[in-house]
Amino acid sequence: MGKYSSSQRDWIQLFEQRGWDPLFFDCDTMSEKARRTLFYVAYEVQHQGLLGRSVRQKLSGIGWMFVKNFLPNPFCEMPALAYFFRHLASKEPKPSPKLPACPSLLELIILHL
């Protein structure tokens, strides 16, 4: 499970607190699945202080939880979720540019030029 374990744990914990099944077995409609997913995303943004891009990464791990249980990833079929993330991205600061290599590697390259 590795890097996805905390994402899956947070999802399961919130869903169980609400009395919901984490794998949506108690959901019949896609709109109810989307409503619960948006509740989770809003919780992570509002109460945990995460940026939308961080929550999107967490949903990737949660999607893997569905796949490894031989279920389709439900987030691929949620246009409301994509719209919500686009809206969040427009309100958040842009990520800082990243270096293509770590500073120690760049120093080593410069020494050998």
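Residues numbered from 1 in each chain as written. Predicted model: local features only at pLDDT ≥ 70, side-chain atom pairs only at ≥ 80, totals over all residues. Heavy atoms only, no water.

From N to C terminus, the protein chain includes 5 helices and 0 strands. For the protein chain, the sequential pattern of α-helices and β-strands runs α-α-α-α-α. The C-alpha extent of the protein chain, read off along each of the three principal axes, is 65 × 30 × 25 Å. Buried positions account for 31% of the 113 residues belonging to the protein chain. Of all intrachain contacts in the protein chain linking residues separated by at least 6 positions in sequence, the fraction that spans at least 24 positions is 59%. Of the accessible surface of the protein chain, which amounts to about 7,800 Å², a share of 60% is contributed by carbon and sulfur atoms. Here the protein chain carries 14 positive and 10 negative side-chain charges, and the mean point of each set is 7 Å from the other. (Helix = DSSP H or I, 4+ residues; strand = E, 2+ residues; numbered from the N terminus. Buried < 20%, exposed > 50% of the residue type's maximum accessible area, 1.4 Å probe, protein only. Contact = heavy atoms within 4.5 Å. Areas by Shrake-Rupley, 256 points an atom, 1.4 Å probe, with all protein chains shown as cover. Lys, Arg positive; Asp, Glu negative; His and termini not counted. Charge placed at Lys NZ, Arg CZ, Asp CG, Glu CD.)

Judged by nonpolar contacts, the single largest core of 21 residues is most densely connected at Trp11, Tyr40, Val41, Leu59, Ile62, Phe66 and Phe75. Secondary structure elements with two or more residues in this core: α1 (5-18), α2 (30-46), α3 (52-68) and α4 (79-91). Looking at which element gives the most residues to this core, the answer is α3, with 5 residues. Once residues lying within four places of it in the same chain are set aside, the contact partners of Trp11 are Pro22, Phe24, Thr37, Tyr40, Leu59, Ile62, Met65, Phe66 and Phe75. (Core = buried A, V, L, I, M, F, W, Y, C linked by side-chain atoms within 4.5 Å.)

This brings us to the packing of aromatic side chains. Taken as a whole and assessed by the stated rule, the structure comprises 10 aromatic pairs. Between Trp11 and Phe75 the ring centres are 5.6 Å apart and the planes differ by 80°, which places this aromatic pair in the edge-to-face class. Here Trp11, found in helix α1, pairs with Phe75, found in the loop between α3 and α4; they are 64 residues apart in sequence, far enough to count as distant. Considered together, Trp11 and Phe75 belong to a single accessibility category, that of buried residues. (Phe/Tyr/Trp six-rings, centres within 6.5 Å; stacked < 30°, edge-to-face > 60°.)

With a phi angle near 65°, Phe24 is a residue other than glycine that sits in the positive phi range. Assignment of secondary structure puts Phe24 in the loop between α1 and α2. For Phe24, a relative accessible area of 3% gives the class buried. Positive phi is not limited to glycine here, since Phe70 has a value of about 60°. Within the secondary structure, Phe70 sits in the loop between α3 and α4. Residue Phe70 is classed as exposed on the basis of its relative accessible area, which comes to 78%.

Attention shifts here to the side chain of Arg36. Among the secondary structure elements, Arg36 is positioned in helix α2. Of note is the side chain of Arg36, whose polar atom sits 2.8 Å from the side chain of Asp26. (Polar contact = N/O pair within 3.5 Å; in protein donor to acceptor, adjacent residues only side chain to side chain.)

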